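# Summary of structural features
For reference, the chains in residue letters:
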Amino acid sequence: MLKTIESLGELRGKAVLVRSDFNVPLKDGVITDDGRIRAALPTLQKLTEAGAKVIVMAHLGRPKGEVKAEFSLAPVAKRLGALVDVPVKRASDLTGESAQAEIAALGAGEILLLENVRFDPRETSKDDAARAELAGELAKFADFFVSDGFGVVHRKQASVYDIAKRLPAAAGLLVMKEIESLSRATENPERPYTVVLGGSKVSDKLGVIANLLGKADALLIGGGMAYTFLKAKGYEVGNSLLEEDQLETVKGYMEEAQKNGVELLVPVDTVVAPEFAADAPATIVAADSIPADQMGLDIGPKTAELFAEKIATSRTVVWNGPMGVFEFPAFAKGTEAVATALSESAAFTVIGGGDSAAAVRGLGFDEEKFSHISTGGGASLELLEGKVLPGISVLED
Ligand code: ADP
Ligand code: MG
């Protein structure tokens, strides 16, 4: 069981360090999608309403342990300030003079955002002692720790893992919701349990496929990874994305699926084009007839229908990875068809993966139509792989 915020006891006047995931996309210093900031609000509101002094740690981008102005959390502090109705203050460093002064002046029910944790090389250090040192400096600031950055719970980092060993710790509301939804879908799924996998590379998702071959009733494969499966079946795939070095592994998966009675569906048709471009002319061909000079950029309509039928008769559906190059409207139909099937299904439906979630939002789907859209790409994949996540196990009692 994860420790809850309630288990920490009275919070009025207490300093609570919170790890949030504010790693939002920025374009010319402007936040283009504030979904992650919004997802963090329930926990922050709960803590401020309880009268805590809330000190938030977060990262942005990959500054690689150096202070870099373009990765400053200043725009995030501003947006956060606009989304909550309590004062949001900002420190210009993580544990230095600015942080110390701001914390000393922080009032009950107020929020302080510390500067990017990844400006400090100790945050992501592989050296346990270095991380412990940073966690020790941070722990001095607070009475409690609340872990709510689901996107980073698969990382053994100072602000995620080490800090939880130094302060009474609890899972925030977002982490709770993510874990409840993903474990409902992966540990004891209502059957039939169907998993739809896509995205660019098989090699990114080997662990997921291997684990699901022992759990799911059906595995539907689309996206760029499908062509390695088609090739393994003996078909020619032209210039489609192909990972030659995974052919043997994929053949092994196909045999294991058969042995375990897992239905493994690969595309029966595909949308091809002569080049990887938004305006490339699209043609639909059978999966065994991909021309040598073309590449597959989406699943075809027959495949989309087949996948939709399978989804419609499932009780649990997990989807990770777009069915095609959804960024180009001409090759987004397969992804849209799968999203539609999920949105119309009465099953418990979970979407994991950063691009899949972006695709669903970009195509204009109502998020309420899905049981859960995960905020963490890597973390949700590792849960699908059946891994124990360091940032989660450290919150268990
Ligand atoms: P997620 O983030 O949801 O886990 P991935 O990162 O694995 O998904 O993959 C997303 C990417 O896969 C998208 O950018 C999409 O354009 C690409 N993709 C999907 N199908 C194909 C294809 N047939 N050929 C090339 N790229 C593809
Ligand atoms: Mg991705």
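Coordinates for the structure precede this section.
In short, a report on the structure. (Residues numbered from 1 in each chain as written. Chains lettered and ligands numbered in written order. Predicted model: local features only at pLDDT ≥ 70, side-chain atom pairs only at ≥ 80, totals over all residues. Heavy atoms only, no water.)

### Looking at the pattern of salt bridges
Short version of the rule: For salt bridges, the criterion is a side-chain nitrogen of Lys or Arg within 4 Å of an Asp or Glu carboxyl oxygen. By definition, any uninterrupted DSSP run of H or I lasting at least four residues is a helix, any uninterrupted run of E lasting at least two residues is a strand, and each is numbered from the N terminus. Accessibility here uses a 1.4 Å probe with only protein chains present; expressed as a share of the type maximum, an area under 20% marks a residue as buried, one over 50% as exposed, and anything in between as partly exposed.
Per the counting criterion, the structure on display carries 19 salt bridges. Notably, a salt bridge pairs D162 with R131, separated by 2.7 Å at the nearest N-O pair. On the criterion of sequence distance, the pair formed by D162 in helix α5 (residues 158–162) and R131 in helix α4 (residues 128–139) is long-range, its members being 31 residues apart. For D162, a relative accessible area of 6% gives the class buried. Through salt bridges with shared partners, one network takes in D120, R122, E133 and E137.

### Some remarks on the site of ligand 1
Here is the rule we go by: We call a residue near a molecule or strand whenever a single non-hydrogen atom of that residue lies within 4 Å of it. Polar contacts, as counted here, are pairs of nitrogen or oxygen atoms within 3.5 Å of one another; within protein the pair requires one atom able to donate a hydrogen and one able to accept it, and residues that are adjacent in sequence qualify only if both atoms are side-chain atoms. Throughout, the ten residues Ala, Val, Leu, Ile, Met, Phe, Trp, Tyr, Cys and Pro are labelled nonpolar, Asp, Glu, Lys and Arg are labelled charged, and all others, Gly among them, are labelled polar.
Around ligand 1, the structure places 19 residues, and the nearest of them are K205, G296, E327, D355 and S356. Between a nitrogen atom of ligand 1 and a main-chain N or O atom of G224, the distance comes to 3.1 Å. Taking G296, its main chain carries an N or O atom lying 3.1 Å from a nitrogen atom of ligand 1. For the shell around ligand 1, the leading source of residues is helix α12 (residues 354–362), giving 3 residues. A per-class count over the shell around ligand 1 returns 5 nonpolar, 11 polar and 3 charged.

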